[in-house]
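# Notes for the structure review
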Amino acid sequence: MNSAVMHSRRIIRNLVETGVMRWYLFAFAMVLLDQWTKHLADTYLSYGQPVYVLPVFNLTLHYNTGAAFSFLSDAGGWQRWFFIVVSLGVSVALVVWMALIKNQQRLLTFSLCMILAGAVGNLVDRVVLGHVVDFISLHWNNRYFPAFNWADTCITVGAASMLLDMVLHPEHR
């Protein structure tokens with residue numbers, strides 16, 4: 001048998017035995033949830049027209065060609081490719097990092113998994129649509145937080161979990 005094939009099988013077996021494959025599957029499920037909710041928003045909401053849900057929460061369809069808080073959204077188009085390259089790089093780094101850390105570091109692995117899911121969810125939008133679909137709109141007293149989506153929520157939960165892991169497990173640094 002070819003040594004490359006044997007090496008690949010050894011890597012796959014290691015991923016399954018360490019449990020990281022479960023995390024990859026969980027990230028994939030989060031990406032599917034993100035894409036499904038964006039599809040629903042794009043199908044059933046009218047662009048820019050808020051749908052009341054709660055006094056502080058509307059569903060409002062927006063397309064974001066930039067990054068967080070519409071950063072670089074009016075840059076002329078080059079930012080799409082820039083964010084695609086950055087998202088790909090971050091995603092690959094997260095996949096590798098998750099494979100390398102110890103299985104006992106569950107909170108850190110969860111953090112990386114959520115950030116990976118969010119990065120891939122928004123990456124899919126940028127590649128397929130040329131923009132990110134946002135639809136969750138929070139507000140208070142006519143002050144609106146920028147619209148976001150499930151992928152953004154995953155990234156936020158992942159980042160918060162990573163900070164919590166740093167506090168609870170300083171030896172992981």
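Here is what the cut-offs are and how they apply
Residues numbered from 1 in each chain as written. Predicted model: local features only at pLDDT ≥ 70, side-chain atom pairs only at ≥ 80, totals over all residues. Heavy atoms only, no water. Pairing = 2+ DSSP bridges. Helix = DSSP H or I, 4+ residues; strand = E, 2+ residues; numbered from the N terminus. Contact = heavy atoms within 4.5 Å. Axes fitted to C-alpha atoms, helices over the stretch in contact; angles between N-to-C directions. Nonpolar A, V, L, I, M, F, W, Y, C, P; charged D, E, K, R; others polar. Disulfide = S-S within 2.5 Å. Buried < 20%, exposed > 50% of the residue type's maximum accessible area, 1.4 Å probe, protein only. Core = buried A, V, L, I, M, F, W, Y, C linked by side-chain atoms within 4.5 Å. Salt bridge = Lys/Arg side-chain N within 4 Å of Asp/Glu carboxyl O.

As paired elements, strand β1 (residues 51–54) and strand β2 (residues 57–64) share 3 bridges and run antiparallel to each other. Bridged to Val-51 within β2 is Leu-59. Where β1 folds back onto β2 in an antiparallel hairpin, the turn is made up of 2 residues.

Our next topic: the sheet that holds β1. An order of β1-β2-β3-β4 is seen for the 4 strands of this open sheet, with the pairing classed as antiparallel. Bordering the open sheet on either side are β1 and β4 (143–144), each of which pairs with just one other strand. Inspection of the sheet shows β2 paired to strand β3 (residues 132–140) by 6 bridges, in the antiparallel sense. Residue pairing across strands places Asn-64 opposite Val-132, the latter belonging to β3. Strands in contact with helix α2 (residues 20–44) are β2 and β3; relative to β3, the strand with the most contacts, it is inclined by about 80°.

Our focus in this paragraph is the packing of α2 against helix α5 (residues 150–168). Following both chains from N to C, one finds α2 and α5 inclined at 145°, their axes separated by 8 Å at the closest point. Contact residues: Met-30, Leu-33, Asp-34, Thr-37 and Lys-38 in α2; Trp-150, Ala-151 and Cys-154 in α5. For the contact of α2 with α5, a count of residues per class yields 5 nonpolar, 1 polar and 2 charged.

Attention now moves to the state of the cysteines. On inspection of all chains with the given rule, the structure shows 0 disulfides. The thiol sulfur of Cys-113 is not disulfide-bonded, and the nearest other cysteine sulfur, from Cys-154, lies at 8.3 Å. The exposure class assigned to Cys-113 is buried, which follows from its relative accessible area of 0%. Owing to a relative accessible area of 1%, Cys-154 belongs among the buried residues under this scheme.

Buried together is how nonpolar side chains tend to be arranged in soluble globular proteins. In this structure, Met-98, Leu-112 and Ala-117 are the most contacted members of the largest nonpolar core, which totals 17 residues. Sorting the residues of this core by element identifies α2, α3 (78–100) and α4 (106–128) as the ones contributing at least two each. With 7 residues, the top contributor of residues to this core is α4. Discounting chain neighbours no more than four positions away, the residues touching Leu-112 are Leu-94, Trp-97, Met-98, Ile-101 and Met-162.

With that settled, the discussion passes to the pattern of salt bridges. Within this structure, the stated rule accounts for 2 salt bridges. The shortest N-O distance in the salt bridge between Asp-34 and Lys-38 comes to 2.8 Å. One end of the pair is Asp-34 and the other is Lys-38, both in helix α2 and 4 residues apart, which spans about a single turn. On the basis of relative accessible area, Asp-34 is assigned to the buried category, the value being 0%. In this structure, Asp-125 and Lys-38 form a salt bridge, with 3.0 Å as the shortest nitrogen-oxygen distance.

The values reported here are purely geometric and, on their own, carry no functional implication.
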